[in-house]
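Chain by chain, the residues:
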Amino acid sequence: SKLKPCSPSERQLLLGTLLGDGCMRWGAKFAGIYKATHGQVQEAYCRSKADILKDYINVMPKICKNDGWGDLSCVFATLTTPAFSFIHPLCYRQNQDGKLLKTVTKEWLDQLTWEGIAWWYQDDGTLTQAKGIHISTHSFPLEQVQLLVDMLVSRGIEAKVKQEKKGEKTYFIVS
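A brief look at the structure comes next.

### Focus: the pairing of strand β9 (residues 161-166)
- As judged from the six bridges shared by β9 and strand β10 (residues 169-174), these two strands associate in the antiparallel manner. Residue pairing across strands places Val-161 opposite Val-174, the latter belonging to β10.
- Linking β9 back to β10 in an antiparallel pair, the connection comprises two residues, with Gly-167 at a positive phi of about 65 degrees.

This is how it looks when you write it as structure tokens:
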């Protein structure tokens, strides 16, 4: 089953959550491994992702010690599969050191549907006290966050780039 092409819903989960908490590792010929890590309080959400990607998973999500936020995490990873090879040219670019980085591109966003946007929001969105939303995009530079905002605006959603300072660093989020 790991050779089965992704269904539209599987594609949107991958494309949407890679804007959020999802990550990929790449093997030969761009065969990919998708990994999701969530806090223990998000166990049900993590398991819902795994259920959708079950054809590519041998070991379902488990609770393990977390080295980041909180004490415990819910984690799963898929098998290495060429079914995810479509993601590589859409979502990853080499930097000057040859390292692959997630890179927001127009081509990626053109393939994102409302379902993918919903996955992205579930991963990194929050409601604000002013009854608005923020979507954390701290790992992306300003130009890429602007692409995300432009995509949302083109779909009728009021959005803008908001600058956020944390210590000495400046980040950009969707607001």
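Moving on from the model shown.
### Considerations on helix α1 (residues 8-17)
- In terms of residue burial, α1 counts as a mostly covered element, since seven of its ten residues are buried.
- Of all the positions in α1, only Glu-10, Gln-12, Leu-13, Leu-14, Leu-15, Gly-16 and Thr-17 are classed as buried.

### Topic: the packing of aromatic side chains
- Within the structure shown, the criterion is met by four aromatic pairs.
- Their ring planes at 80 degrees and their centres at 5.5 Å tell us that Trp-26 and Tyr-92 sit as a pair that is edge-to-face. One end of the pair, Trp-26, is in strand β1 (residues 23-26); the other, Tyr-92, is in strand β5 (residues 92-94), with 66 residues separating them in the sequence.
- The interplanar angle of 35 degrees and the centroid separation of 5.9 Å between the aromatic rings of Tyr-45 and Trp-119 together place this pair among those described as tilted. Of this pair, Tyr-45 sits in helix α2 (residues 43-52) while Trp-119 sits in helix α5 (residues 114-124); the two residues are 74 residues apart in sequence, bridging distant segments of the chain.
- Since its relative accessible area comes to 8%, Trp-119 is described here as buried.
- The side chain of Arg-11 reaches across the aromatic face of Phe-86, ending 3.8 Å from its centre.

### A look at the side chain of Asp-123
- Mapped onto the secondary structure, Asp-123 falls in helix α5.
- Only 2.8 Å separates the side chain of Asp-123 from the backbone nitrogen of Asp-21, close enough to count as a polar contact.
- In terms of polar contacts, Asp-123 uses its side chain to reach the side chain of Tyr-45, at 2.5 Å.
- With near-sequence residues (within four places) excluded, Asp-123 lies in contact with Thr-17, Gly-20, Asp-21, Gly-22, His-38, Tyr-45 and Lys-49.

About the thresholds
- Residues numbered from 1 in each chain as written.
- Predicted model: local features only at pLDDT ≥ 70, side-chain atom pairs only at ≥ 80, totals over all residues.
- Heavy atoms only, no water.
- Pairing = 2+ DSSP bridges.
- Helix = DSSP H or I, 4+ residues; strand = E, 2+ residues; numbered from the N terminus.
- Buried < 20%, exposed > 50% of the residue type's maximum accessible area, 1.4 Å probe, protein only.
- Phe/Tyr/Trp six-rings, centres within 6.5 Å; stacked < 30°, edge-to-face > 60°.
- Lys NZ or Arg CZ within 6 Å of the ring centre and 35° of its normal.
- Polar contact = N/O pair within 3.5 Å; in protein donor to acceptor, adjacent residues only side chain to side chain.
- Contact = heavy atoms within 4.5 Å.

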